[in-house]
Each structure stands twice: as structure tokens, then as C-alpha cells.
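Descriptive structure summary
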Amino acid sequence: MEPNLSEQFVEFNIGTDKYAVIISEVHEIIQMLEITGMPDTPMYVKGVVNLRGKIVPVFSLRLLLGMSEETVSKSTRIIVVRNRDTTAGIIVDKVNKVLRFKDIQLPPDRFGGISSSLLAGIGITDGDLTGILKLKEVLMQ
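Residues numbered from 1 in each chain as written. Predicted model: local features only at pLDDT ≥ 70, side-chain atom pairs only at ≥ 80, totals over all residues. Heavy atoms only, no water.

1. As for the sheet that holds strand β5 (residues 54–60)
With mixed pairing, the five strands of this open sheet are ordered in space as β3-β6-β7-β5-β4. Looking at which strands have only one partner, the edges of the open sheet turn out to be β3 (26–31) and β4 (45–51). Strand-to-strand, the axes of this sheet are offset by a mean angle of 30 degrees, without reference to chain direction. In this sheet, strand β7 (residues 86–92) lies alongside strand β6 (residues 77–83) in antiparallel orientation, the contact comprising seven bridges. (Pairing = 2+ DSSP bridges. Helix = DSSP H or I, 4+ residues; strand = E, 2+ residues; numbered from the N terminus. Axes fitted to C-alpha atoms, helices over the stretch in contact; angles between N-to-C directions.)

2. A few points about the pairing of β6
Where a strand is regular, its side chains alternate between the two sheet faces. Most of β6 sits inside the fold, with five of its seven residues counted as buried. Inspection of the sheet shows β3 paired to β6 by five bridges, in the antiparallel sense. Across the sheet, residue Gln 31 finds its bridge partner in β6, namely Arg 77. Between the antiparallel neighbours β6 and β7 lie two residues, among them Arg 84 with a positive phi of about 55 degrees. (Buried < 20%, exposed > 50% of the residue type's maximum accessible area, 1.4 Å probe, protein only.)

And the structure:
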């Protein structure tokens with residue numbers, strides 16, 4: 001799904017970097033749950049959670065983006081997202097707000113520590129730059 005200015009986004013932090021996903025792809029935002037690890041999975045796959053009877057895989061967005069793991073804090077959240085038939089949780093350091101961008105531009109080759117292949121664009125609002133993630137690409141990693 002390509003971002004546009006009429007859509008709302010959920011903005012969150014991974015370290016000091018700001019990222020966002022289109023709100024229509026967000027199922028819910030929850031506090032950290034106990035995660036059951038799974039064998040033979042990449043390091044960024046933290047495991048699965050039981051979300052009201054549905055088993056949902058959980059990814060560390062920090063590790064996926066090549067950052068070091070941080071300890072869980074009071075502000076750590078799992079954003080449960082849906083993209084097509086896939087439901088997954090992504091662990092983020094802090095959820096900031098729901099917003100609309102004043103401008104969305106094509107991403108540079110790299111933004112923060114990530115390749116532009118994971119970005120749908122760069123959202124601009126009040127001088128702040130926010131990487132808009134391509135959930136389809138993130139979930140296929």
C-alpha cells in the first residue's frame with residue numbers, strides 16, 4: 001500500500017529514529033506480553049504470543065533494522081499489524097502518536113540504518129522526518 005497525505009499513520013520510535021505505519025494496517029497496540037521463543041528462526045524473530053486465542057509471530061524491529069537489542073521498558077509496545085493475510089507483532093521502543101504528514105517524499109537509498117527497500121517514503125511534518133515502513137517488505141524479511 002502506497003502512503004498518501006490523506007491517510008493517518010501511527011508514529012513510533014526505534015531508538016532515536018522515527019518510523020510510521022499506515023493506521024489501516026494496525027490491528028492494535030499492546031503492552032509487552034510473554035513471548036514464547038521458536039527454534040531455528042532468525043534472531044529478529046522473538047517468538048510467538050497468544051493474542052486472545054490466536055498465535056501471532058513477534059519480530060524485534062530493532063534487530064531487523066540491524067540495531068542492538070534494548071531492554072524492555074514501560075514504553076515498549078507490540079504493534080500488531082495486518083498486511084494482506086499476514087498478522088504479526090512488531091516490537092517498538094515507544095509509540096508516539098497518530099498523525100497525518102504534510103508531505104511524503106521518496107526515500108533516499110538509506111534512512112537511519114535501513115535500506116530504502118523497507119521504506120514506502122519519508123513523511124515530513126513540522127520539520128520532523130519519519131520513515132514510513134513497507135509492512136509487506138518488513139514482514140517478508
